[in-house]
Amino acid sequence: MSDTFTPQTCKIALLAGGKSGEREISLASGMGAKTALEEAGFPVTVIDPAKKEDLKKLIDGDFDVAFICLHGKYGEDGTMQGLLEIIDLPYIGSNVWSSALAMDKTKAKVFYEHSGIRTPRSITLRKADERNIEEIVKTVGVRCVVKPATEGSALGVFIVEGVPDIEEAIGKAFEIDSEVLVETYVSGDEFTVAVIGNENPEALPVIQIVPSNEFYDFESKYAPGGSQHLCPAPLSIAETDEVQRMAVEAHKVLGCRGVSRSDFIKDGNGAFWILETNTIPGMTGTSLLPDAGRAAGMEFSELCTKLVELALR
């Protein structure tokens, strides 16, 4: 990247909205990022990929960087990244392959396990397959988590116990996705760690999430007062180092660039278990990434500028 880089001469196409079930959250993220980018001095044009005329504007425009605030399918899963690659427009965050990999929780778990990153035992179900609930219980336990394989924002996530409830939750999850992940329920405190960087990524301060509901569900994520963020998290130095190391390792093994945010559970024995990695973390007023940045001494405008710089490298 040139040393002459200045925000005022860097035209940003801010992508928000889209067609996924997380459209409204994406629009809110977009507004949060737009405010931060404009505070930093960037000229910003908001593009909604759900509108064909906006897609044409993206292709025909003379933008320097795409700032992606799309969550879920058609934005976080590599599809938009592929379009941006084709039109040769740099963008924040991970490339096509890494975005698709992190979005698919079942495949990401294979990479976690291969790298020795502790993750709950799981089984993957496909809609066309026959399934034996008793065998599922034998594998993951009678208390488990059922979730769509490729959705975010805790959409369609169920914590259930017992064969009838597991069967019902699987049916509901299949209404959202053609592939469903059933994993062992790990009881404990919830933490998240954002990671910034390309070749030499670094973890931001750890956040403990204290949700108002049973777990960090959709309402806890986005409703005002839905959760409390403790940052830096009340952990020992050794615990902080361990969960940050795991987050950086996840960022690397999934091939992430720019930014990622991995979610963890700390069980009663003090062990951390990774649940998933997000390649486009939320950027709303209640989101975790801006909180972690501030705890590291970076205002949100500075953090957004850093992401643009990483995209241009």
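So, here's what we can say about the structure. (Residues numbered from 1 in each chain as written. Predicted model: local features only at pLDDT ≥ 70, side-chain atom pairs only at ≥ 80, totals over all residues. Heavy atoms only, no water.)

Our focus in this paragraph is the pattern of salt bridges. Here the idea is simple: oppositely charged side chains can pair when their charged atoms come close. The tally for this structure, following the rule as stated, stands at 18 salt bridges. With its nearest N and O atoms 2.8 Å apart, the salt bridge here joins D48 to R23. You can see D48 sitting in the loop between β2 (44–47) and α2 (52–60) and its partner R23 sitting in helix α1 (residues 23–40), a full 25 residues away along the chain. Using a relative accessible area of 5% as the deciding quantity, one classes D48 as buried. On the basis of relative accessibility, which here comes to 26%, the residue R23 falls in the partly exposed class. Taking the shortest distance from any N to any O, the salt bridge between K57 and D54 comes out at 3.9 Å. Of this pair, K57 and D54 both sit in helix α2, three residues apart, roughly one helical turn. Looking at K57, the relative accessible area reads 40%, which means it is partly exposed. (Salt bridge = Lys/Arg side-chain N within 4 Å of Asp/Glu carboxyl O. Helix = DSSP H or I, 4+ residues; strand = E, 2+ residues; numbered from the N terminus. Buried < 20%, exposed > 50% of the residue type's maximum accessible area, 1.4 Å probe, protein only.)

Below, the discussion takes up the sheet that holds β2. Reading across the sheet, the three strands line up as β2-β1-β3 and stay open at both edges, with parallel pairing between neighbours. Whereas interior strands pair on both sides, the edge strands pair on one side only; in this sheet they are β2 and β3 (65–68). Taking each pair of neighbouring strands and ignoring which way they run, the sheet shows an average axis angle of 30°. When strand β1 (residues 12–15) meets β2, the two strands line up parallel, connected through four bridges. Paired with A13 across the bridge in β2 is T45. (Pairing = 2+ DSSP bridges. Axes fitted to C-alpha atoms, helices over the stretch in contact; angles between N-to-C directions.)

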